[in-house]
Structure formats: structure tokens, C-alpha cells
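# Notes for the structure review
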Amino acid sequence: MLGRIGRTEYVYDARDIQRRLSFAEGYSNWTTVDWDRVIFSDETHIEVYGRSRVWVQRPVGAAFDPDYMVERVPHSERVSLWGCFCARGVGQAEIFVGEFNAKRYVDILQHNLLQTALHFYPQEHWWFQQDNAPQHKADISRRWFHNHGVDLLDFPPYSPDLNPIENLWGILKGRIEKRLARTTDEIERVLKEEWEALDKDLLTSLAHSMPTRCAAVIANHGHKAPY
């Protein structure tokens, strides 16, 4: 048997496993037609000074010469994005800098979610997916959803493998990395451009991966799926 790098997963307790299985089994009969009417959402963050690699030209043996080293700023500023999408296309998004609390989350929903739903589902019922971040579960957020008649999926905790927008974040960050955005202004500009340029076929494929994701969680007895 060949050696392999071990994959990682959150240390689930029995309740976590049960909630993941309940979600996967509960939606196991949903087809791609059903998932077409789900708006997936999340937040992501990009460190302004956190680019993964910076290339420099230096003489041999000068790797630790201060003139050729890259400075790292502790607690650097970051650009944050709340975004949503569905199988029918990219939804509205909001870039923000600074603290993300429940009040800000409700403000983001007020200015972005309902407009996205109206655009894609003017006469249809739809569902909203969010994870279990404290801001999402706060009383002010719950009241907003109730007052606006938004139906939520009962999403299980610690389940990025069941949220296809996590894959979208990876794709988006890779594109931003390639464009060598460095400053806050550059990152915000490039982030907006790349968000608006997301391909509908990609988004449809991600949304339509949900039946396979649910099946994989069931097959793995509630543990992490390969997504």
C-alpha cells in the first residue's frame, strides 16, 4: 500500500454526524430541478498582504538578504465579500471592509438577497442556503428572514463540503491571484470584475452537484465528502 497525505476534516461529534446525515437524506430525493431554485450564499475574505507567493529576482545565496525579502504585515487588512448564486446565474454581492456582525449581515441581505431572488424567481418559490455562522443565526437575522418570508434550508454545521459556493471561492481567489492585485483598491476592483464575469455554466454545474454531494455524505456515514 502506497503512502498518501491524510485528508483533514472537522472533528464531528455524534450530533454533527446526525445533522449532516439528516440533511443529506432529507434532500436525497431532490433533483437538479429542485436545486435550481436554491440561492447559495456565504462570505469570504482576502488578505491585502496575504498573497501566497511573491516572485523576486535575486543573486544566488541572497535568499535572506533584506533587499530581496518580502515583508509580511501582522494583522493585515482584508477585503471581505458576501455573495450569492444559483443555477441560473450569479447573484448580487457586496464588498466590505471591517467588522462583520449581525446588523451588517441584515443590511447586506436587505440590499442584495431580495433583488437577486426577484431577478431569478419572479413568480417561483425559492429557498435560501446559509451556513451556521453566529451572524446568520442571530435574533435580528432570524426576524429579518421571518418578516420577509424567506425559506431557509436546515443546513448542518461544519459542512463546507455541502456548500458549493466554497468551490466558487477557491476559483475566484485563484483568478484574483493571477491578476496580481495587491492593494485594497486593486483587490476590490478585480474582485468585482471577476465576480461579474463568472460563467453561468460553472454556476449551474456547482448547483447541480448537490445530489452527488448528498449521496457522498450518506455513503460516508455522515463524514466529509470529497468536495
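Residues numbered from 1 in each chain as written. Predicted model: local features only at pLDDT ≥ 70, side-chain atom pairs only at ≥ 80, totals over all residues. Heavy atoms only, no water.

### Some remarks on the pairing of strand β2 (residues 78-86)
- With 8 of 9 residues buried, β2 is to be regarded as a mostly interior element.
- The pairing of strand β1 (residues 38-47) with β2 spans 8 bridges and is classified as antiparallel. Across the sheet, E43 pairs through a bridge with W82, a residue of β2.
- In terms of strand pairing, β2 meets strand β3 (residues 89-96) through 6 bridges, oriented antiparallel. Paired with G83 across the two strands is A93, which belongs to β3. (Buried < 20%, exposed > 50% of the residue type's maximum accessible area, 1.4 Å probe, protein only. Helix = DSSP H or I, 4+ residues; strand = E, 2+ residues; numbered from the N terminus. Pairing = 2+ DSSP bridges.)

### With respect to the pattern of salt bridges
- What the rule picks out here adds up to 7 salt bridges.
- Here R88 makes a salt bridge to E124, at a shortest N to O gap of 2.7 Å. Of the two residues, R88 sits in the loop between β2 and β3 while E124 sits in the loop between α3 (102-120) and β4 (127-129), which places them 36 residues apart along the sequence.
- Look at R88 and you get partly exposed, because its relative accessible area is 29%.
- Of the residues examined, E124 reaches a relative accessible area of 35% and is grouped as partly exposed.
- Residues participating in the shared-partner salt-bridge network are R179, R189, E193 and E194. (Salt bridge = Lys/Arg side-chain N within 4 Å of Asp/Glu carboxyl O.)

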